[in-house]
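Descriptive structure summary
What follows is the residue order along each chain.
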Amino acid sequence: MKTDQAVKRRRPSGGNALHFIQQNIIFVVLLILIVAIAIINPMFVSLNVLKDLLIQNSTRLIIASGMALILIVGGVDLSAGRSVGLAAVIAASMMQTADYSRRFYPDLPQINLIIPVVIAVAVCALFGGLNGFLITKFSIPAFIATLGTQVAIFGINSIYFDLPPNSSQPIGGIRKDFTYFGSGFVGFVPIIILIALLILGMVWLILKKTPFGRNIYAIGGNKDAALVSGIKVASTTVLVYAIGGALFGLAGVLECARTGGGTNAYGASYEFDAIAACVVGGVSNTGGVGTIPGMIAGVFIFGIINYGLTFIGVNPYWQMIFKGLIIVAAVGVDISKNVKKR
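Quick summary incoming for the structure in this document. Since the structure is predicted, the reported quantities are computational estimates derived from the model, not experimental observations.

1. A look at the overall build of the protein chain
Per the secondary structure count, the protein chain includes 15 helices and two strands. In terms of overall dimensions, the protein chain is globule-like: its C-alpha atoms have a radius of gyration of 21 Å, near the 20 Å expected for 342 residues. Dimensions of the protein chain along its principal axes, counting C-alpha atoms only, are 75 × 55 × 35 Å. Split into buried and exposed, the 342 residues of the protein chain put 47% on the buried side. When the accessible surface of the protein chain is totalled, it reaches about 17,100 Å², and 69% of it is carbon and sulfur. The centroid of the 24 positive side-chain charges in the protein chain is displaced by 15 Å from the centroid of its 12 negative side-chain charges.

2. Here we look at a nonpolar patch on the surface
A contiguous nonpolar surface patch, about 520 Å² in accessible area, is contributed by Val186, Phe188, Val189, Leu194 and Leu197. Looking at the element boundaries, Leu194 is found in helix H9 (residues 191-209). Of the residues examined, Leu194 reaches a relative accessible area of 36% and is grouped as partly exposed.

3. Things to note about the packing of helix H4 (residues 47-72) against helix H12 (residues 233-259)
Where H4 contacts H12, the axes come no closer than 8 Å and their chain directions differ by 170°. Accordingly, the angle class assigned to the pair H4 and H12 is roughly antiparallel. Taking contact as the criterion, the partners of Ile55, Thr59, Ile62, Ile63, Ser65, Gly66, Met67, Leu69 and Ile70 in H4 are, on H12, Val240, Tyr241, Ile243, Gly244, Leu247, Phe248, Ala251, Leu254, Glu255 and Arg258. Split into classes, the residues belonging to the contact of H4 with H12 amount to 13 nonpolar, four polar and two charged.

Calculation notes
Residues numbered from 1 in each chain as written. Predicted model: local features only at pLDDT ≥ 70, side-chain atom pairs only at ≥ 80, totals over all residues. Heavy atoms only, no water. Helix = DSSP H or I, 4+ residues; strand = E, 2+ residues; numbered from the N terminus. Rg over C-alpha atoms; globule rule 2.2 N^0.38 Å. Buried < 20%, exposed > 50% of the residue type's maximum accessible area, 1.4 Å probe, protein only. Areas by Shrake-Rupley, 256 points an atom, 1.4 Å probe, with all protein chains shown as cover. Lys, Arg positive; Asp, Glu negative; His and termini not counted. Charge placed at Lys NZ, Arg CZ, Asp CG, Glu CD. Patch = residues over 30% accessible without salt bridge, like charges linked within 9 Å, V, L, I, M, F, W, Y side chains within 5 Å. Salt bridge = Lys/Arg side-chain N within 4 Å of Asp/Glu carboxyl O. Axes fitted to C-alpha atoms, helices over the stretch in contact; angles between N-to-C directions. Parallel < 35°, antiparallel > 145°, perpendicular 65-115°, else oblique. Contact = heavy atoms within 4.5 Å. Nonpolar A, V, L, I, M, F, W, Y, C, P; charged D, E, K, R; others polar.

Structural measurements only, silent on function.
Next comes the structure, spelled out in structure tokens:
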């Protein structure tokens, strides 16, 4: 502590500013993006744009929060996007109106909307737990294990989606009491945003205020040391993957509610967006490091690139180039930090 204070005393004022920027670079980049787009088109700074940005990124925030947990424990989950799609199809198949002409289950009576939500989330949590089990029990690299379940989940979802009489047709006719969660408001605030904020708050509490959260950081930082200190590495890791899967499932349910339908194509490549947002937001791809506020900033950087650059008429291909450059820069910074620690 004394050493840190001594360093602060020795650091010149210009050095303090540079140090502050380095420590908060993700938020500086986010601010620069907003200011640059607002200068080109002042209409970007409006409540309607803010609302659209929040709604479009609400489910991505939930997916990224699940991915952040998994990355911090030292893993990765490439099946996240396909879990989103599976949950969307499960929810959509059970939440159609009684008078819809192409019902997935023609004879299914109207059920309480909590039932398909619980089923969809539970199924995805089981797949998440399976990922954790394969990784911890058989020492399969997370990249390989979750790539395998990604393919399997998409296959299972496609078989379910192709069942007659649906036969791979987009599922529509979703009940209004269900779509209300994706498009309804409480006052001026969209419900889907409130749900996302609730999830983010819960994940933040888990990571910062619980022994389970401290164990997640400890395992991601040094698995061997965590084992020696008595942490149940295997069960904790499995539980983290299961929680991540449940959050991916919840995001899929909300995507169904937001769009009023579902297909087996939902969620494709969402895992890469989530991983990129986490890494850009300071969550280390090697585990043990990361915060929820940083992850949120990462999600909105990509959200603003997608929405803001379209808003000012930038070619979508340039958006991909910007995103790629930001991802490479973020990973480079993360790797350089790890090298300095050694």
